[in-house]
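# Structural features, examined
Now for the letters of each chain:
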Amino acid sequence: MRNPGRASLLAAIVALAPQGVHADDLGLRGTIEPELRVFTSSASNPQQRDTDISVSGEVTGKYMWDGGDQSLVVTPFARLDQQDYRRTHWDLREARYGLVMGKWEVRLGFDKVFWGVTEAVHLVDVINQVDIIEDPVKQEVRLGQPMLRLRTTQDFGSFDAFLLPYFRERDFPGPQGRPAYDLPVDMSLTRYESSRQDRHVDGAFRYSNHFGDIDLGLSYFQGTNRDPILTPTLSKDGDPVLAPFYAQMKQASFDVQATKGAWLYKLEGYWRRELGHEYEAATGGIEYTLYGVFGSEGDLGVVAEYALDSRGLMARDPYENDGFLALRWTANDEASTSFLGGAVVDAETGALGFRFKGERRLGDDYRLSLEAYFFGNVPRQDPIYSISDDNYLQFRIARFF
Amino acid sequence: MSGWIYRAGVCAAFAVTISVLAGSAHAEAPGLPAPTDATARGLAIAQENDKRDHGWGDAKADMKMILTNSSGETSERALRFMMLENTGDDDGNWSLMVFDKPADIEGTALLTYPHVKEADEQWLYLPTVKRVKRISSANKSGPFVGSEFAFEDFSTQQVAKFAYKWLKDEPCGTLTCHVVERTPQYEDSGYTREIVWIDTTDYQFRKIDYYDRKESLLKTLTYSDYKLYEGKFWRPQQLDMVNHETGKTTRLAWQAYSFHTGLSKDDFTTASLERAR
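Note that this is a predicted model, so its numbers are computed, not measured. Residue numbers here run from 1 along each chain, matching the order of that chain's written sequence. Written order determines the labels here, with chains lettered from A and ligands numbered from 1. In keeping with the model being predicted, local features are shown solely for residues with a pLDDT of at least 70 and side-chain atom pairs are shown and tallied solely at 80 or more, while totals for entire chains, interfaces and linings include all residues. Neither water nor hydrogens contribute to the side-chain values; these are computed over all heavy atoms in the structure.

Turning next to the state of the cysteines. Residue and element names in this part refer to chain B. The disulfide definition used here is simple: a pair of cysteine sulfur atoms within 2.5 Å. Enumeration according to the criterion identifies one disulfide over all chains in this entry. Disulfide partner of C172: C177, at an S-S distance of 2.0 Å. Measuring the twist about the S-S bond at about 75°, one finds the C172-C177 disulfide to be right-handed.

All names here are of chain A. Relative to the assigned elements, D66 resides in the loop between β2 (51–65) and β3 (70–81). Once the C-alpha coordinates of D66 and D25 are considered, the two residues, 41 residues apart in sequence, prove to be 9.8 Å apart. Polar contact is defined as a pair of N or O atoms within 3.5 Å, subject to the rule that within protein one atom must be able to donate a hydrogen and the other to accept it, and that residues adjacent in sequence are counted only when both atoms are side-chain atoms. One polar contact links D66 to Q70, side chain to side chain, over a distance of 3.1 Å. Think of it this way: any DSSP run of H or I at least four residues long counts as a helix, any run of E at least two long counts as a strand, and we number them from the N terminus.

Before going further, it helps to examine the pairing of strand β2 (residues 74–84) of chain B. All names here are of chain B. By the criterion of burial, β2 is predominantly enclosed, with eight of the eleven residues buried. Note on pairing: two strands pair once DSSP finds at least 2 bridges between them. Strand direction decides the pairing type here: strand β1 (residues 58–68) and β2, joined by eleven bridges, are antiparallel. The partner of A61 across the bridge, within β2, is F81. In sequence, β1 turns back onto β2 through a hairpin of five residues, with G72 there showing a positive phi of about 90°. Bridge analysis of β2 against strand β3 (residues 94–101) gives seven bridges, and the strand direction is antiparallel. Counterpart to F81 in the pairing with β3 is M97. Relative accessibility under 20% of the residue-type maximum defines a buried residue, over 50% an exposed one, and the middle range a partly exposed one, all with a 1.4 Å probe and only protein chains included.

Now for unusual backbone geometry. In this model, A:R178 is joined to A:P179 through a cis peptide bond whose omega is -5°. By secondary structure assignment, the location of A:P179 is in the loop between β7 (157–164) and β8 (191–192). Backbone geometry places B:H260, a non-glycine residue, at a positive phi of 50°. One can find B:H260 in the loop between β13 (249–259) and α4 (270–273).

Printed below as a string of C-alpha cells:
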C-alpha cells in the first residue's frame with residue numbers, strides 16, 4: 001500500500017459509515033495463518049533459501065443497516081515473511097459500500113469480482129490483479145480493485161457495469177523470494193502504454209443469465225491489461241532484471257456451463273486486441289462427480305480441462321496448449337476432509353506440473369492444509385522454465401476467530 | 001316383520017355409535033378416502049399436510065445443527081435461512097441458506113430452486129474467491145455438511161415427489177397418527193421407502209423412518225416442540241435424526257422464525273447470493 005489514492009478512497013468509504021450502528025448489525029471476524037514452505041531442490045540464486053516461515057492475517061469488519069440493504073465491508077490482509085521483503089506485504093482485499101434498491105445494486109470501493117466457469121485456468125476473469133506473491137502457481141488470490149459497480153437483475157438476466165478508476169500493479173517476489181523467475185522483476189522500471197499510467201480509467205460490462213441447465217456470461221473489458229509484458233534489461237545498478245510493461249487491451253469474452261446431472265460441461269474464452277495485434281484463448285472441459293463412491297459417504301470428482309492460446313509459446317500465459325487432469329476426494333465428514341491431486345501437461349513442450357492439496361478442519365476453529373507443487377521435464381523454452389527449480393511443500397494452520 | 005325392523009334398527013344404531021366413537025378417536029380431516037383405498041388415502045393425507053401450510057409467503061429463520069458422533073463428541077454448525085413459498089405444483093419453495101459456523105466456511109451460501117420433474121437448480125457462493133458456482137443437484141443421498149441429514153432430507157417435500165400408501169392409524173404420543181409409506185419418485189434417492197407419521201389433528205410430520213437400498217432401517221427422524229406461527233403455520237423447533245447404522249445423531253434447532261418479512265423473488269437470485277449478509 002504505497003499509493004495515496006487507496007488511502008483517500010478508504011477515508012471516503014469510512015466517512016460514509018452510518019451513525020449509531022446497532023451491535024446486531026456489526027460483524028467482526030478474522031484469521032491468523034502461520035505457514036512453512038520447504039523447497040526440495042536447491043535454489044538457482046544464492047540469495048534464495050530452502051525454507052521459509054511466514055504468517056498472514058486477515059480481518060473482516062461488516063456493518064449492515066437499512067434492513068440489510070446498505071452495507072460496509074472492510075477486509076485488510078497482511079503477511080510477514082522471513083525471507084522475502086516483497087512477500088511482507090499488505091492489501092485491502094475489500095473496503096466497499098453497498099446499496100441494494102430492489103432490482104438495482106450499487107457498490108463503491110475496493111472489491112473483488114469473479115468471472116468464469118473453469119477450474120484450472122481463469123482466462124476471462126480480468127477485473128482484479130493477481131496476488132502472485134500469495135498464490136504463485138494457481139493464481140486464484142486477487143488484489144482488491146477500486147471500482148464503481150452498478151448492477152441490475154431483471155427477467156432478461158443480470159447486467160453489470162464497472163468503472164475502474166485506478167490500476168493495481170502486480171507485486172513480484174524480491175531477489176530472496178521463491179518461487180520466482182531467475183531474474184528479479186524490478187518494479188521501479190514499470191512502464192505503461194497509456195500516458196495516464198496507473199490512473200487510466202478502465203471500464204467493463206457483463207451480462208449473465210441461466211436458461212434451464214445452461215449458465216451463460218458475456219463480458220467486455222477495455223483498459224490496462226493486468227498481465228504485464230516482462231522484458232530483460234539492466235537495473236540502475238547495472239544488474240540484469242525484468243522490467244514490466246502494461247499494455248492497453250480490449251477484450252470480449254464468454255463463459256458457459258451446462259449442468260447435466262453429475263456432469264458439468266464448461267467452456268470459456270476471449271478475443272483480445274493489444275498493441276495492434278489480435279489473439280484468442282479458450283479453455284474448457286468436464287467435471288464429473290461420483291457420489292457416495294466405494295460405499296462410503298465421500299465423493300470423488302474428476303476434472304479434465306484443456307487450454308489453448310493462439311499466441312502459442314509467445315503467450316505470456318503459461319497455459320498455451322496444456323491439458324489438466326485432477327481428482328478431488330471430498331470425505332463429507334465432520335472435519336470436511338478433502339484431497340486434490342492434479343497434473344498439467346504442456347502438449348507443445350512436454351513440460352509437466354503436479355499439484356496436491358489436502359485439508360481438514362481441527363475442532364471448530366482451526367484448519368490444517370498441506371500443499372505441494374512439483375515440476376518436471378521442463379525444457380528451456382517453456383514459460384515455467386525459470387520456476388521449475390522451485391518445487392515446494394507448503395504447510396498451513398489457520399486459526400479462525 | 002317387526003322383529004326384522006327391530007334388528008335392523010339396533011344394527012343401524014350400533015353402526016352409528018361405532019362410527020361416532022371412531023370419529024371422535026380419529027378426528028381426521030373430512031373427506032379422506034376410506035382405508036379400503038390405501039393409495040388414495042395416503043395421497044390425500046400428504047395433500048392435507050401440504051394444504052395446511054399454504055399462505056406463509058416468505059420466511060426467515062436461524063438454524064443450529066448439533067452433530068454427535070458415536071463416542072459422544074459434538075460439533076456445531078449455524079445457518080441462516082431465507083425461504084420463499086412457491087405454490088405451483090411443479091416447483092418447490094425457493095431457499096437461500098448462509099453459513100455462520102464453522103468459521104472456515106462462514107459466508108458460504110447455497111441457493112436452491114427445487115423442481116418436481118426436472119433436476120433442482122442450485123448455486124453455491126464461495127466467499128473467499130467471490131465466486132458463484134452452478135453445482136450439480138444429483139447428490140441427493142450424500143451427507144449435508146457432514147451431518148446425518150442427506151441433501152434430500154433438506155429439500156422441500158413436494159407431494160408429487162413421492163408415491164403413497166396408507167398403512168394404518170395408530171396412537172403417537174398423546175395424538176393419533178396416520179402411518180403412510182411413501183416411495184421417492186425422483187432420481188438418485190438413497191432410500192427405497194420412508195414410513196411417515198402424520199398426526200390426525202394438525203396434519204404435521206411427527207416421525208419418519210428411512211429405509212436404505214438394502215431394505216434395512218437406516219435412520220429415524222423425530223419432529224418435536226411444534227410452535228404455531230400467525231395462528232396458522234406449525235413449525236417444529238427441534239428435529240432429531242438418528243443413524244441406526246453408525247450411532248451418530250444430528251439435532252436441528254430452529255430459532256427466530258419470522259413470516260411475511262417482505263422477501264421477494266429479487267432476494268433469491270444469483271446476484272443476491274453475492275451480497276454481504
